[in-house]
Structure formats: structure tokens, C-alpha cells
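Fold and contact review
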Amino acid sequence: MSQTAKTFFDEELSDLAQDGLKREMRRLSGRQGREIVVDGRKVLNFCSNDYLGLACDARLGQAAAEAIRNEGFGAGASRLVCGNMSSHQALEAKIAAFKGAESSLVFSTGYMANVGIIPSIFGREDIIFSDRLNHASIIDGIQLSQAKCRRYRHRDMESLEEMLKSSGPFRKRGIITDSVFSMDGDIAPLDKIVALAEQYDCLVMIDEAHALGVMGESGKGLAEYFGVETEIDIQMGTLSKAAGSFGAYCCGSNGLIAFLVNKARSFIYTTGMPPSVAAASLKAIEIIEKEPERRNRLWQNTRYVHHALKQSGFDTRESQTPIIPILVGEPDAAAAFSRNLLNQGILIAAIRPPTVPPNTARLRLTVTAAHTQADLDSLLEQLQRIGKQLCLI
Ligand SMILES: *Cc1c(COP(=O)(O)O)cnc(C)c1O
């Protein structure tokens, strides 16, 4: 390596370390679940987005194995060349039927979906109104699109309307929001957003990554929860969280989907996802449909933890979902909290800037359907004990 490169990387990394912002990966062994083995030690897992406990459900593995037998492993080419296999088509039909949409299209990941969908629909002559706390993949998609972007205050409809009123003429206007915000666990006011969109003639796009399988009577997402499915033009979501699988989808009108097949570069210029992954995702959606008891259990656990944390005096912001932030403030203090918990056998990640705004470093815990009552009680006991030591409560 050149001396310049070496000096550059070393200096950047030591700056990060000094600010308490250096990131490192944990080493897991074995399976993903309520308990996992980290660095050789068994711990309770409160970090996963596997909300319904499907990531290790044997039925997903069986569906994948069957697809491997029938269709092989790799798709061999992009979907538009010769990689559009039966498992992809079946998954897309299933997603459209489940979501009550005309059509759907699968992307390899949620990140790729957002950086593909947004620039295909919006360009230089358009304007996008984006919640300040939208996911990084939405921010990157907007940047790639070169559309003008105005970021409204988080979930603040007055701030959004102000911007809608004051923005000049544009070819197209769009409002883009996470459904459930990934670091705060609060929800977008979709009822108000669709009303403003109608009044000010905007397209609406939502990212249901943390909402699919979690929100709404039948787990279709936040649009179902608010009863606004038919008023949202572009519904994107991922198969990597509550579905326990991998990949993402966009659903909407036949026109939207045919357009994306022709225009979304992250769909066109990439190999189709392995058919086994599509088959496992399809199985996951069947389970989400047929086993509402998983979602019920998830919400029972969620309500229990929310209530206990509030009683103890923790600042959990406006969380209304299984994603629960515990505000700490300084990155070092958040890291210390997380380390102390790990010593007690509880894994909760500290989330630091730039993933969250400055001075809002936090623990971000996620509750799942797989956690037992005993798991939740030991979580709460340790949070209270260590939270007191760190003077957070
Ligand atoms: C996780 C997440 C993504 C990215 O999805 P992947 O499938 O993991 O790439 C996109 N948007 C939001 C809101 C997310 O939480």
C-alpha cells in the first residue's frame, strides 16, 4: 500500500476512535434467535430486526432448499436477460396479492430498492420533501436523483406544509417517508401526509421496512394501519426484517411496476436474487398471513417493555413500536451502557452519530415475538440497575 493511503486510513480511523465513533463488527456463531453466541458467549439478543422470529424458522429453510433443487442456486443473469425464474415471479404475485396492489417488483435489498426507485421517478426538474430522519438509503436515492430536496422536521406536518406552500413550480413533487423510523421507533402520520399530498399534488412514497409484518391488523404495514393503502403511489418495503429473509419489494400500479422494470438501474444492472431467497420470502409472507399469533405476541412483549421503561423514567422518545430507543446523549456513555449490558449477558447496540443526530447517542433495543417473559424481565432488571449507575434514571 502507498504511504499516502496508509497515512490517510490510519488518521481517519484514529479520529473516529478519539470521538468514540469507531465501528466494529461483532462475531456471531451459530443461529440467529432470542439467544445468540457472540465472541463465544451466549447472550440475550435485543438487537435483531427479526421481529416475528422467522429468520431461523425451518419452513423458510425448507422452501429455500426446494427452490435450490428445482432452480439451482444463482440466478445466472439479471432478471431482464435470463434470470427471471419461477420463484421470483411467484414471490411478486404473492406480495401484490398480500398488499392488495396491482403489481410488485422485487429488488435485491432495501438499500438497492431506494437508490433505484427514487432516481428513476424523480430528476433535476422535480422536488422531493423528505422527513429529516429518513433512512440513509432514501437520502442516497434522493441524492442520486439530483432532484431538489427539502427536509422537513421529523414527523412535523406544519413544517412540511410550510415547505409545500413556499416551493415554486416544479415538474413533479414527491413526499417520501419511512413508515416506522428505524432509530426512533415512532411512526409517520400517513393520514395527514396523504391529505397534504392531495392538496398540494404530490406523489407519495413510503418505506415499510420496519412495518411489514408488524403494523396493521394483518401485518401489511403502516398504510394498512392508517387505512390509506390506495392513496399511496409507491409502497416500498423489505423482506429482511420481520419476514426474516432478504431482499425488498416495491408495489403499486401496473404502470409503476412496468416503468421500474424499464428505468430502475439497481434492478436492471444487477443479477436476479437467488431463487431460493425469493422462495423463502414467499414462505415468510404466507406465515405472516396465517399466523397472526406471532404479531400478537410481538405486541404483548412490546407493550410490556414500553410500560416498564416509562415507569423507570427512561427517555424512550416517541417510540410506538418494537424499536425502542433509550436516550443517553454522549457517544461514550452509550457505548459504556452497551458494554455493561453485554457483561451481564444482554446484547443491545449503542447507536451513535452519524447514524443519529449529534447528542442523541442511544441504546436501540428491539423486542421480538420470540422473547420469553423471563427474557424481558432480565432485560428490564439490568437496564434499571445499569441505568441508575450511569445516572440516566
Ligand atoms: C433496513 C432498512 C432499509 C434497507 O433494507 P435492506 O434490505 O437491509 O438493505 C431501507 N429502509 C429502511 C427504513 C430500513 O430500516
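Here is a short report on the structure shown in this document. Here the structure is a predicted model, which is why all the values come from computation and not from measurement. (Residues numbered from 1 in each chain as written. Predicted model: local features only at pLDDT ≥ 70, side-chain atom pairs only at ≥ 80, totals over all residues. Heavy atoms only, no water.)

1. Some points on the overall build of the protein chain
Within the protein chain, the regular secondary structure consists of 14 helices and 14 strands. Counting only C-alpha atoms, the protein chain reaches 55 × 55 × 55 Å along its principal axes. Counting every position in the protein chain, which comprises 393 residues, the buried fraction comes to 54%. The contacts of the protein chain with a sequence gap of at least 6 include a subset with a gap of at least 24, amounting to 70%. Accessible area of the protein chain: about 17,800 Å², with a carbon and sulfur share of 50%. Averaging the locations of the 44 positively and 46 negatively charged side chains of the protein chain gives two centres separated by 3 Å. (Helix = DSSP H or I, 4+ residues; strand = E, 2+ residues; numbered from the N terminus. Buried < 20%, exposed > 50% of the residue type's maximum accessible area, 1.4 Å probe, protein only. Contact = heavy atoms within 4.5 Å. Areas by Shrake-Rupley, 256 points an atom, 1.4 Å probe, with all protein chains shown as cover. Lys, Arg positive; Asp, Glu negative; His and termini not counted. Charge placed at Lys NZ, Arg CZ, Asp CG, Glu CD.)

2. As for the nonpolar core
By size, the foremost hydrophobic cluster in this structure holds 56 residues, and its most contacted members are Leu160 and Ile193. Per element, the largest residue contribution to this core is eight residues, and it comes from helix H11 (residues 275-290). The next biggest cluster of nonpolar side chains, apart from the first, holds 24 residues, and it includes Ala308, Ala334, Ala350 and Leu365. (Core = buried A, V, L, I, M, F, W, Y, C linked by side-chain atoms within 4.5 Å.)

3. Concerning the packing of H11 against helix H12 (residues 292-312)
Where H11 meets H12, the axes come as close as 5 Å, and the angle between the chain directions of the two elements is 75 degrees. Viewed along their axes, H11 and H12 adopt a mutual orientation that is roughly perpendicular. Taken together, the residues of H12 that come into contact with H11 (itself represented by Ile287, Ile288, Glu289 and Lys290) are Pro292, Glu293, Arg294 and Arg295. Here the contact of H11 with H12 is built from residues that sort into three nonpolar, no polar and five charged. (Axes fitted to C-alpha atoms, helices over the stretch in contact; angles between N-to-C directions. Parallel < 35°, antiparallel > 145°, perpendicular 65-115°, else oblique. Nonpolar A, V, L, I, M, F, W, Y, C, P; charged D, E, K, R; others polar.)

4. A short note on a nonpolar patch on the surface
Together, Met1, Phe8, Phe9, Leu13 and Leu16 make up an exposed nonpolar region whose accessible area comes to about 540 Å². On the secondary structure map, Phe9 appears in helix H1 (residues 3-18). A relative accessible area of 43% places Phe9 in the partly exposed class. (Patch = residues over 30% accessible without salt bridge, like charges linked within 9 Å, V, L, I, M, F, W, Y side chains within 5 Å. Salt bridge = Lys/Arg side-chain N within 4 Å of Asp/Glu carboxyl O.)

5. Digging into the side chain of Glu291
Its location among the elements puts Glu291 in the loop between H11 and H12. With a relative accessible area of 17%, Glu291 lands in the buried category. A distance of 2.7 Å separates polar atoms of two side chains, one belonging to Glu291 and the other to Arg294. (Polar contact = N/O pair within 3.5 Å; in protein donor to acceptor, adjacent residues only side chain to side chain.)

6. Digging into the sheet that holds strand E13 (residues 349-351)
Spatially, three strands are ordered E11-E14-E13 in an open sheet, and the strand pairing comes out antiparallel. In this open sheet, the two edge strands, each paired with only one partner strand, are strand E11 (323-329) and E13. Going from strand to strand, the sheet's axes swing by 30 degrees on average, the running direction of each strand aside. Summarising the sheet, E11 and strand E14 (residues 361-366) pair through six bridges and their orientation is antiparallel. Paired with Leu327 across the two strands is Arg362, which belongs to E14. In this fold H12 packs onto E11 and E14, with an angle of close to 25 degrees to the strand it touches most, E11. Taken strand by strand, helix H13 (residues 331-343) contacts E11, E13 and E14, and its axis lies near 35 degrees from that of E14. (Pairing = 2+ DSSP bridges.)

7. Focus on the site of the ligand
The full set close to the ligand counts 13 residues, and Gly110, Tyr111, Asp207, His210 and Lys241 are the nearest of them. A distance of 2.8 Å separates an oxygen atom of the ligand from a polar atom in the side chain of His210. One of the side-chain nitrogen or oxygen atoms of Lys241 is found 2.7 Å away from an oxygen atom of the ligand. Expressed as a share of its isolated accessible area of 380 Å², the protein-covered part of the ligand is 85%. Of the residues contributing to the shell around the ligand, the split by class is two nonpolar, eight polar and three charged. (Near = heavy atom within 4 Å.)

8. Describing the packing of helix H4 (residues 110-121) against helix H9 (residues 254-263)
Running from N to C, H4 and H9 point in directions that differ by 100 degrees, and their axes come no closer than 10 Å. The pairing of H4 with H9 is recorded here as roughly perpendicular in orientation. Contact residues: H4 offers Ile117, Ser120 and Ile121, while H9 offers Leu256, Phe259, Leu260 and Lys263. Along the lines of polarity and charge, the residues of the contact of H4 with H9 split into five nonpolar, one polar and one charged.

9. With respect to helix H3 (residues 86-99)
With 14 residues, H3 should cover 20 Å at 1.5 Å per step; its first-to-last C-alpha distance of 20 Å lies within 8% of that length. Residues Ser87, His88, Leu91, Glu92, Ile95, Ala96, Phe98 and Lys99 constitute the buried set of H3. Buried residues along H3 cover an arc of 165 degrees about the axis, so they all sit on one side. For H3, exposure combined with an orientation more than 90 degrees from the buried face picks out Ser86 and Ala97. The elements touched by buried residues of H3 are helix H2 (58-71), strand E4 (103-107), strand E9 (234-238), strand E10 (248-252) and H11. Of the residues trailing H3, Gly100 is marked for its positive phi of about 65 degrees. (Expected span 1.5 Å × (residues − 1). Arc of directions from axis to C-beta.)

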